[in-house]
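A closer look at the structure
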Amino acid sequence: NAASDATGSGTGVLGKKLTFNTTLNNGAYVLVDQSRGGGVETYSANNGSSLPGDLVSDADNSFTDKGQAAAVSAHYNIEKVYDYYKNNFNRNSYDNKGATLKSTVHYGNDYNNAFWNGQQMVYGDGDGRTFIPLSGSLDVTGHELTHAVTEYTAGLQYRSQPGALNESMSDVFGNFIEGNHDYLVGEDVYTPNTPGDALRSMSDPTKYGQPDNMSDYVHTGQDNGGVHTNSGIPNKAAYLTIESVGWDKAQKIYYRALTTYLSPRSQFSDARAALLQATSDLYGQGAEYNAVASAWDQVGVK
Ligand SMILES: Cc1cccc(C(=O)O)c1OC(=O)C1CC1
Ligand SMILES: [Zn+2]
């Protein structure tokens, strides 16, 4: 049969009934959304580690099996992430040329991670204690896809200060995309037995062991120079900026800095300058400009 567009439905990781675009292909419905850019395609590694694995399919376009929940959430959430970048910034996928958005779920066993591997997004199932399937969180899927946007724009190297900025941009846009203004990261899929906690907090990074000031920058060889630790410093600056200038202006400032002024070896001080320049371009050197300067003053970055 010719591939055609259909509307599928299913149950996500958090138990919600979700609808999304599928394609009827050779008598089965697959998680392929041909309506967005070069397509959104969702695969399963079937708890192996070869990528991308198999396209997730269902005979009756109703993806309600428990084993399909991680794929349902990934497919639905990535549609939303695509729409965020297209609707807010007219960006057509991570490369702005309609690159196909590929995700693989059920990667590995009890895998408490998610990552962008340079070609696609990959989501573990979690071990059920630290994480439940990570694709269940919109801020996590936004975080992962933003790694791809960063790679195709600023190209921030994934180590030391540029790496912490890379991580921060993913947390910042993950939060913009999730849109619930909780400034938390991963809360929907983190520690199911501990309500109210999160993997990271942008409003109070110290709550989960991250520094929130340059004076507490962690010099380490671990984790590519502490990229998931030191991201607390630019994350705190982002929180202060968003609270001062407001959600909408902050999004525009951050997107312009990421796509126009940041570069592979940008340090925290370069991020301050890039965000100030973006603010000046967009809103001049008034209240918003002073708010950005103050935010970075407060985290000890000049
Ligand atoms: C859970 C996890 C482990 C290692 C790397 C990442 C990574 O993608 O950097 C990761 O995912 C996140 O940080 C998402 C936002 C919760
Ligand atoms: Zn990341």
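All of the points below concern the structure found in this document. Because the structure is a prediction, the values reported are computed rather than measured.

Note the cis peptide between L51 and P52, where omega equals 0 degrees. Relative to the helices and strands, P52 is located in the loop between β5 (40-44) and β6 (54-55). The backbone of S93 sits at a positive phi, close to 70 degrees, despite the residue not being glycine. Residue placement: S93 occurs in the loop between α1 (69-89) and β9 (101-107). S93 sits in the buried class, given a relative accessible area of 6%. Positive phi is not limited to glycine here, since N224 has a value of about 55 degrees. One can find N224 in helix α4 (residues 223-230). A relative accessible area of 35% places N224 in the partly exposed class.

A separate point is the environment of T64. The residue T64 is located in the loop between β8 (62-63) and α1 in this model. On the basis of relative accessibility, which here comes to 46%, the residue T64 falls in the partly exposed class. Counting along the chain gives 47 residues from T64 to K17, while the straight-line C-alpha distance between them is 8.7 Å. Aside from chain neighbours lying at most four places away, what touches T64 is G10 and T11.

Two elements in contact, helix α3 (residues 160-178) and helix α5 (residues 232-245), have axes whose closest approach is 9 Å; the angle formed by their N-to-C orientations is 35 degrees. Read as a crossing pair, α3 and α5 show a hand that is right-handed. Between α3 and α5, the contacting residues are A164, L165, S168, D171, V172 and F176 on the first element and P234, N235, A238 and I242 on the second. Here the contact of α3 with α5 is built from residues that sort into seven nonpolar, two polar and one charged.

For the zinc ion (ligand 2), the full set of protein donor atoms is H143 (NE2), H147 (NE2) and E167 (OE), at a range of 2.0 Å. Donor residues for the zinc ion (ligand 2), ordered by position in the chain, follow H-x3-H-x19-E. Of this pair, H147 sits in helix α2 (residues 138-152) while E167 sits in helix α3, placing them 20 residues apart in sequence. Taking the relative accessible area as the measure of exposure, H147 reaches 10% and is therefore buried. Take E167: its relative accessible area is 0%, and that puts it in the buried class.

The subject of this paragraph is the packing of α1 against α3. In contact at an axis separation of 10 Å, α1 and α3 are set at 90 degrees when each is read in the N-to-C sense. Here α1 lies roughly perpendicular to α3, going by the angle between them. Between α1 and α3, the residues in contact are V81, Y84, Y85 and F89 and F173, F176 and I177, respectively. Looking at the contact of α1 with α3 residue by residue, the class counts come to seven nonpolar, no polar and no charged.

For side chains bearing opposite charge, pairing can occur when the charged atoms are close. All told, the structure shown has 10 salt bridges when counted by the stated rule. A salt bridge links K249 to E288; the nearest nitrogen and oxygen atoms lie 2.7 Å apart. Here E288 lies in helix α8 (residues 287-298) and K249 lies in helix α6 (residues 247-261), a separation of 39 residues in the sequence. The structure contains a network of salt bridges with shared partners spanning D33, R36, E79 and D83.

This paragraph deals with empty space enclosed by the protein. Per the stated rule, a full pass over the model turns up two cavities of 30 Å³ or more. Empty space within the largest cavity amounts to approximately 50 Å³. In this structure, the largest cavity is lined by L165, S168, M169, P234, Y254, L262, A271, L275 and W296. Of all the secondary structure elements, the ones that give two or more residues to the lining of the largest cavity are α3 and α7 (268-283).

Here the focus is the packing of aromatic side chains. For the structure shown, the criterion picks out 19 aromatic pairs. Taking the centre distance of 5.8 Å and the plane angle of 65 degrees together, the rings of F20 and F63 count as edge-to-face. Within this pair, whereas F20 is found in strand β2 (residues 17-25), its partner F63 is found in strand β8, the two being separated by 43 residues in sequence. As far as burial versus exposure is concerned, F20 and F63 are alike and both buried. Measuring from centroid to centroid gives 5.9 Å for Y217 and F268, while their planes differ by 70 degrees, and the two rings are edge-to-face. With a gap of 51 residues between them, Y217 in the loop between β13 (200-201) and α4 and F268 in helix α7 connect regions that are remote in the sequence. Per residue, the accessibility class of Y217 equals that of F268, and both read buried. Here the aromatic cluster, defined as three or more aromatic residues joined through ring pairs, consists of Y84, Y85, F89, F173, F176, Y183, Y239, W247 and Y255. Residue placement shows K249 over the ring face of Y283; its charged tip is 5.3 Å from the ring centre.

The rules behind the values
- Residues numbered from 1 in each chain as written.
- Chains lettered and ligands numbered in written order.
- Predicted model: local features only at pLDDT ≥ 70, side-chain atom pairs only at ≥ 80, totals over all residues.
- Heavy atoms only, no water.
- Helix = DSSP H or I, 4+ residues; strand = E, 2+ residues; numbered from the N terminus.
- Buried < 20%, exposed > 50% of the residue type's maximum accessible area, 1.4 Å probe, protein only.
- Contact = heavy atoms within 4.5 Å.
- Axes fitted to C-alpha atoms, helices over the stretch in contact; angles between N-to-C directions.
- Left-handed = near helix turned anticlockwise from the far one by under 90°.
- Nonpolar A, V, L, I, M, F, W, Y, C, P; charged D, E, K, R; others polar.
- Donors = N, O, S within 2.8 Å, 3.2 Å for Na, K, Ca; no water.
- Parallel < 35°, antiparallel > 145°, perpendicular 65-115°, else oblique.
- Salt bridge = Lys/Arg side-chain N within 4 Å of Asp/Glu carboxyl O.
- 1 Å grid on protein atoms, 1.4 Å probe; cavity = no way out; pocket = protein on both sides within 12 Å on 5 of 7 lines; lining within 4 Å.
- Points joined across faces, edges and corners; volume = space filled by probe spheres on them.
- Phe/Tyr/Trp six-rings, centres within 6.5 Å; stacked < 30°, edge-to-face > 60°.
- Lys NZ or Arg CZ within 6 Å of the ring centre and 35° of its normal.

Taken by themselves, the reported measurements are silent on function.
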